[in-house]
Amino acid sequence: MADEALRQMFPGLDLDTFWEDSACADETYSGGHPTDELVSSVEAELGFRLPSSYVALMRMRNGGIPRNTCCPAPSRTTWAEDHVALNAIMGIGREKEGSLAGSMGSRLFVEEWGYPEIGVYFADCPSAGHDMIAFDYRDCGPEGEPRVVHVDQEVGYRITILAPDFVSFVQSLRPENDDDYD
């Protein structure tokens, strides 16, 4: 059960059922609960302070697949008319390949895939790397509160704002079969 402080941070969200149980997520994304030292070292490596709401959620479960994997988008994406989908949210760490500082973490998308250096890529999408979800620090600086954006490699790395912050992003997630989507 999620603690009261986390529930207050994410009002109206059922944190007890937020994550999907998945062997794949456990193998690729989910690590042990991140210590203050691990968080600090990953932040130093990436060059950005992670949002406190993201860190708090990762302390509940350090990465994995949320039950709701679709986020409304204000305009058409290469994925759909009105939303983007995500595979998983990366955990804080280095050991799991799909963790923020893992072999398939945030820096890979900048250094090898040519994604713009706008912040931290924290969620991958079903396109196998052709679009990503990121914390965008361009307006707030590396110590600020980033907005959440979708970056679409298929259309010149187009950046679409999804949410003003991580809490809003998480609260906006909907099931894949939501009738609101085309």
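Only a predicted model underlies this, so the values are computations on that prediction, with no experimental measurement involved.

### Things to note about the overall build of the protein
Item 1. For the protein, the count of helices and strands is six helices and nine strands.
Item 2. Of all intrachain contacts in the protein linking residues separated by at least 6 positions in sequence, the fraction that spans at least 24 positions is 58%.
Item 3. Taken as a whole, the protein presents about 8400 Å² of accessible surface, with 48% of it coming from carbon and sulfur.
Item 4. Averaged over its 13 positive side-chain charges, the protein has a centre that lies 2 Å from the centre of its 33 negative ones.

### Topic: the sheet that holds strand 6 (residues 119-124)
Item 1. What the five strands build is an open sheet, ordered 5-6-7-8-9; its pairing is antiparallel. The sheet is open, and its two borders are formed by strand 5 (88-89) and strand 9 (158-163), each paired with just one other strand.
Item 2. Pairing of strand 6 with strand 7 (residues 131-136) involves five bridges; the strand directions are antiparallel. Among the inter-strand pairings, Tyr121 is bridged to a residue of strand 7, identified as Ala134.

### Quick look at helix 4 (residues 52-60)
Since the α-helix turns once every 3.6 residues, residues separated by three or four places project in the same direction.
Item 1. Every buried residue of helix 4 is accounted for by Ser53, Tyr54, Val55, Leu57 and Met58.
Item 2. Looking at the buried positions of helix 4, the neighbouring elements they touch are helix 1 (4-9), strand 1 (19-20), helix 3 (36-46), strand 5, strand 7 and helix 6 (166-172).

### A few points about the environment of Ala25
Item 1. If you trace the backbone, Ala25 turns up in helix 2 (residues 23-28).
Item 2. Sequence spacing of Ala25 and Ala134 is 109 residues, and the spatial spacing of their C-alpha atoms is 19 Å.
Item 3. Discounting chain neighbours no more than four positions away, the residues touching Ala25 are Ser30, Gly64 and Ile65.

### A few points about the UniProt feature "domain: Knr4/Smi1-like" (unreviewed entry) in the protein
Item 1. The feature "domain: Knr4/Smi1-like" (unreviewed entry), as given by UniProt, occupies residues 33-172 in the numbering adopted here.
Item 2. Along residues 33-172 the backbone is 24% helical and 24% strand, and the end-to-end C-alpha distance reaches 25 Å.

### Description of the pairing of strand 8 (residues 147-152)
Item 1. Extensive coverage of strand 8 is indicated by the burial of five of its six residues.
Item 2. Across six bridges, strand 7 lies against strand 8 in antiparallel orientation. Across the sheet, Phe135 pairs through a bridge with Val148, a residue of strand 8.
Item 3. Two elements, strand 8 and strand 9, share five bridges in a ladder whose sense is antiparallel. Directly across from Val148, in strand 9, lies its bridge partner Ala163.
Item 4. The turn joining strand 8 and strand 9, which pair antiparallel and follow one another in sequence, is formed by five residues; a positive phi near 65° is taken by Gly156.

About the cut-offs
- Residues numbered from 1 in each chain as written.
- Predicted model: local features only at pLDDT ≥ 70, side-chain atom pairs only at ≥ 80, totals over all residues.
- Heavy atoms only, no water.
- Helix = DSSP H or I, 4+ residues; strand = E, 2+ residues; numbered from the N terminus.
- Contact = heavy atoms within 4.5 Å.
- Areas by Shrake-Rupley, 256 points an atom, 1.4 Å probe, with all protein chains shown as cover.
- Lys, Arg positive; Asp, Glu negative; His and termini not counted.
- Charge placed at Lys NZ, Arg CZ, Asp CG, Glu CD.
- Pairing = 2+ DSSP bridges.
- Buried < 20%, exposed > 50% of the residue type's maximum accessible area, 1.4 Å probe, protein only.
- UniProt positions renumbered as here; feature names shortened; annotations may be inferred.

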